[in-house]
Amino acid sequence: MGLKFPYEISCSCGSTFQTELWEYVFADRDPDLRTSILFGNFNLVSCSSCGAGLDADISYLYRDEKNKLWIWVCGAKERKAGPTEKSERISGYFLDDQRNYQKHIAQGRNGLLYILLKEDPELKEKEINALKTNPAIRILVDNQENCGYLFLTGNKIKNLALPLSSQLLRGRLSGSKAEENGLVDLLGEAVNLHNRFSSLLSQNSIHKWQDLFQNEIGAVTGDEYETFAQMWVDFKIDNEKIRFNFPGTYRFFQRIEQMPSIREIVVHQN
Ligand SMILES: [Zn+2]
C-alpha cells in the first residue's frame, strides 16, 4: 500500500541515476516498510556506477491508522530550507478523516523515531528498555560537523545515530590527536548518560538537572542535552572550575559519576 515515486539521485562519484523511492508509508498496512525505517535502511539505494550505498533522505509521509498518527518526515532538502508549515503539508498529503489524527512534523528519521518512542505504544513499552540496556557503539568520524557518533540499539530500532558534535568541544580542542580523542571519549560518555531518546538518568535526576539548567546555569545557550554534554566534559577535565562557578551542578555530577553504568559503550575501531 505504500507509494513510490521516481527520483533522480546524484552520487559523490559524479554519476546521476533514476530510482524509485517511498513517499508514503502506511505503517499498519506496510509492516516491512515500518521495520526498514526502524532498522535504518529505508530509502537506501546503491549508486548504479560505483555501488556506494546512499541514504536518499527525502521527505515522506508516515501514517499509522491504528494509532492515529500522521507524521510528515522532512528530508535533507526540506530541513535545509527551513521550518515546514504543518498546515501546508496536511492539505497536500492528508487523505481523509484528519480530525482523528495526531499530526506531527519530524526532522528526518531521528525526529520520527523520537515521536514514535512516545506515541507508538508498541515501541513505548518495549523498546525504551532495550535502548537503555543494549550496548551503545561509538564510531569516530572526521567531518566538519561531527567528531563521531554514538549508535543506540534497541530490539526493533537499530542504528539510532546520536551525533557527537564538534561544536560541543569548540574551544577545548587542542590540536593534539590524543587529547582530542580523550575529549571525544568524554563527549560520548555524556551523550550516553543523557540524550533525548534514552536518558540513563532517573526521573528525579532529570528534574534536578532541568532545574540546574534553568536556574544555576541559566545564561548558557543551547539546549539542555548539549549543555549537559559540555558541562560534563568540563567537569571531567577541570572540575574546580565547575565547582567554583556551578556548585549545584558540581554536586549533581559527582552523584551521577557514582551511578553504575547500565549501558556500556563499545568503541568501534575504524
Ligand atoms: Zn557513485
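Residues numbered from 1 in each chain as written. Predicted model: local features only at pLDDT ≥ 70, side-chain atom pairs only at ≥ 80, totals over all residues.

## With respect to the sheet that holds strand 5 (residues 60–64)
- Strand order in this open sheet of five strands is 1-2-5-6-7, and the pairing throughout is mixed. In the strand order of this sheet, the two ends are held by strand 1 (3–10) and strand 7 (102–107), each with one partner. Each strand axis lies, on average, 25 degrees off the axis of its neighbour in the sheet, ignoring direction.
- Strand direction decides the pairing type here: strand 5 and strand 6 (residues 69–74), joined by five bridges, are antiparallel. Of the residues in strand 6, the one forming a bridge with Tyr62 is Ile71. (Pairing = 2+ DSSP bridges. Helix = DSSP H or I, 4+ residues; strand = E, 2+ residues; numbered from the N terminus. Axes fitted to C-alpha atoms, helices over the stretch in contact; angles between N-to-C directions.)

## Side note on the pairing of strand 2 (residues 16–26)
- The pairing of strand 1 with strand 2 spans eight bridges and is antiparallel. Within the sheet, the bridge partner assigned to Ile9 lies in strand 2 and is Phe17.
- Linking strand 1 back to strand 2 in an antiparallel pair, the connection comprises five residues, with Gly14 at a positive phi of about 105 degrees.
- Looking at chain direction, strand 2 and strand 5 are connected through three bridges and run parallel. When the bridges of strand 5 are listed, Phe26 appears paired with Arg63.

## What to know about the domain arrangement of the protein chain
- On domain assignment, one finds that the protein chain holds domain 1 (3–119) and domain 2 (130–268).
- In this structure, domain 1 and domain 2 have C-alpha centres spaced 29 Å apart.
- Counting residues at the interface gives six residues for domain 1 and seven residues for domain 2.
- Listing elements by their share of the side of domain 1 that touches domain 2, those giving two or more residues are helix 1 (31–39) and helix 4 (108–119).
- When its residues are assigned to classes, the side of domain 1 that touches domain 2 shows five nonpolar, one polar and no charged. (Domains from an automatic or database assignment. Contact = placed C-beta atoms within 7 Å. Nonpolar A, V, L, I, M, F, W, Y, C, P; charged D, E, K, R; others polar.)

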